[in-house]
Amino acid sequence: MESIPGWQVIFLGGIATWIVFSSILNVTQKLRSLTQPWVSHYVMSDTSIVLKIQKYEHRYLDAFFSGLSCVVSVPFYTAFLPLLFWSGHCKLARQMTLLMAFCDYMGNCIKDVVSAPRPSSPPVRRVTATKDEEDNAMEYGLPSSHTLNTVCLSGYLLHYILSYTGSGDVSTEVMGFSLVCLVVGLIGVGRIYLGMHSLIDIIGGLALGLGILTLWLSVDKYIDDFVVSGQKVASFWATLSFLLLFAYPTPELPTPSFEYHTAFNGVALGIVIGIQQTYHQFHHENVARLLTPQLRLHAFVGRMLVGIPTILLVKFCSKALAKWILPILAYTLGIPVRSTSYIPALNGAGKKSDIKQSGYVQKLFFFSRQTSFDVDTGIRLLQYAGLAWSTVDLVPSLFSHLGM
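The notes below deal with the structure included here. Only a predicted model underlies this, so the values are computations on that prediction, with no experimental measurement involved. (Residues numbered from 1 in each chain as written. Predicted model: local features only at pLDDT ≥ 70, side-chain atom pairs only at ≥ 80, totals over all residues. Heavy atoms only, no water.)

1. Overview of helix 2 (residues 27-45)
Okay, step 1: Relative to the 27 Å expected for 19 residues at 1.5 Å per residue, helix 2 spans 28 Å between its end C-alpha atoms, a close match to the ideal helical length.
Okay, step 2: Approximately 35° is the largest bend angle found in helix 2, and it occurs at threonine 35, with the proline proline 37 only one to four residues beyond.
Okay, step 3: What helix 2 keeps buried is the set Val27, Thr28, Arg32, Gln36, Val39, Ser40 and Val43.
Okay, step 4: In this structure, the buried residues of helix 2 make contact with helix 1 (6-24), helix 3 (47-54), helix 6 (90-114) and helix 10 (199-229). (Helix = DSSP H or I, 4+ residues; strand = E, 2+ residues; numbered from the N terminus. Expected span 1.5 Å × (residues − 1). Bend = angle between axes of the 7 residues up to and from the residue. Buried < 20%, exposed > 50% of the residue type's maximum accessible area, 1.4 Å probe, protein only. Contact = heavy atoms within 4.5 Å.)

Right, dumping it as structure tokens:
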């Protein structure tokens, strides 16, 4: 039986210790009291900049910047990443998935710690063309997630393309870098034009994105080696995913940010577990890649037609299974639970179960100030973990059996 590597114990123990002491010392509230007034002042003073940009209001600009925001949104990346796995660029896909999860966690943590407002509307005109944008508008402003994600993912994509092609041509590198800068710039201007962010939010997203990208480029090889061939990977990542549900700040007012973090936390968990199990079968460096004789375009379209319905079915089944199992498990362990939206019936019995069970929970989670736990968090984690696992394990197995 393999022993648990010491660094894993230290790393996970460090996170658990941080959760306890940050709660005891009210770290979130103290950081918010230092940063929120300063950021809010800049948001208010930046209103004039937003209004100047919005003087160029036009329906074509509305459509262009709204469409561009959708292309770099979290739902788009969630839909795009499975296709990247199935195209044969598995290393790029798993790196971008984990990088996206890290960006989402860091960005949303800072949003909810600072709890700084978006530009006031009115006088600012806020354009929310999609349901996703309406949900985004409910989050806090600093940093701009769109800017942060675009910097990190487009920067890493450029790094991968230059490394994969082995091109040492300076003009190609300059052209690629210029294109990335153009996209980032358009995203930043677009978020201000749409009234979703102030200048300080864009600068914050840019600075954080550059910092995360620099860090990731220095550790991506070590992370990838660990995921594909490390020891105790599944147990380590499952524990990490669980701890990250608690290592998250409580915002001043409820926002969807924690839900987004939980979903991508589940995606990262499912990807890591699936890759660990099937790397040598479906995800090694010699798999067929799109637009090669081994994987023609029509075969890739066939993969999409099989894969997309399959992962959506697995997501549905994972959610249904989690809705059935988690409340029973919570009751058995003496954990009082509630449900924000998935299981309304739980809220009717909440007070009775809280009285009976709260003593056990306070012993287990003594650092938590909650009287009950939202079972929706666990359901969301498991359904997205199931979706991601099926993307890299179940669906490639289907491709293999179907000769695709």
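2. Some thoughts on the pattern of salt bridges
Okay, step 1: Going through the model one piece at a time under the given rule, you end up with six salt bridges.
Okay, step 2: In this structure, the salt-bridge partner of arginine 94 is aspartate 224, at a minimum N-O distance of 2.5 Å. Remark: aspartate 224 occurs in helix 10 and arginine 94 occurs in helix 6; sequence separation between them is 130 residues.
Okay, step 3: Arginine 94 sits in the buried class, given a relative accessible area of 2%.
Okay, step 4: With a shortest N-O distance of 3.0 Å, lysine 221 and aspartate 225 are connected by a salt bridge. Pair noted here: lysine 221 and aspartate 225 are both in helix 10, with a separation of four residues, about one helical turn.
Okay, step 5: Lysine 221 sits in the exposed class, given a relative accessible area of 54%.
Okay, step 6: For aspartate 225, a relative accessible area of 35% corresponds to the partly exposed category.
Okay, step 7: Members of the salt-bridge network, linked through shared partners, are Arg94, Asp224, Glu285 and Arg289. (Salt bridge = Lys/Arg side-chain N within 4 Å of Asp/Glu carboxyl O.)

3. Details of the layout of surface pockets
Okay, step 1: When its volume is computed, the second largest pocket comes out at roughly 670 Å³.
Okay, step 2: Residue lining of the second largest pocket: 23 residues in total, with Phe11, Phe102, Ile223, Trp237 and Leu240 positioned closest to the centre.
Okay, step 3: If you list the elements that add at least two residues to the lining of the second largest pocket, you get helix 1, helix 6, helix 10, helix 11 (233-246) and helix 12 (257-283).
Okay, step 4: Among the elements that take part in the lining of the second largest pocket, helix 10 stands out by supplying six residues, more than any other.
Okay, step 5: Each residue belonging to the lining of the second largest pocket can be placed in one class, and the counts come to 20 nonpolar, three polar and no charged. (1 Å grid on protein atoms, 1.4 Å probe; cavity = no way out; pocket = protein on both sides within 12 Å on 5 of 7 lines; lining within 4 Å. Points joined across faces, edges and corners; volume = space filled by probe spheres on them. Nonpolar A, V, L, I, M, F, W, Y, C, P; charged D, E, K, R; others polar.)

4. Quick word on helix 6
Okay, step 1: When the terminal C-alpha atoms of helix 6 are compared, their 36 Å separation across 25 residues agrees well with the 36 Å that a helix rising 1.5 Å per residue should span.
Okay, step 2: Within helix 6, 21 of the 25 residues are buried, which leaves it mostly tucked inside the rest of the structure.
Okay, step 3: One or two positions beyond helix 6, positive phi appears at serine 115, with a value near 55°.

5. What about the packing of helix 8 (residues 145-165) against helix 10?
Okay, step 1: Axis separation between helix 8 and helix 10 bottoms out at 7 Å; the angle between their running directions is 35°. For the crossing formed where helix 8 meets helix 10, the hand is right-handed. Only Ile202, Gly205, Leu206, Leu208, Gly209, Leu210, Ile212, Leu213, Trp216, Leu217 and Asp220 of helix 10 make contact with helix 8, whose side of the interface consists of Thr147, Leu148, Val151, Cys152, Gly155, Tyr156 and His159.
Okay, step 2: For the contact of helix 8 with helix 10, the residue count by class is twelve nonpolar, five polar and one charged. (Axes fitted to C-alpha atoms, helices over the stretch in contact; angles between N-to-C directions. Left-handed = near helix turned anticlockwise from the far one by under 90°.)

6. Topic: the environment of alanine 93
Okay, step 1: With respect to the helices and strands, alanine 93 occurs in helix 6.
Okay, step 2: Judged by relative accessible area, alanine 93 falls into the buried class, the value being 0%.
Okay, step 3: In sequence terms alanine 93 and proline 82 are eleven residues apart; their C-alpha atoms lie 7.8 Å from each other.
Okay, step 4: Ignoring any residue separated from it by four or fewer positions in sequence, one finds alanine 93 in contact with Leu81, Leu84 and Phe85.

Taken by themselves, the reported measurements are silent on function.
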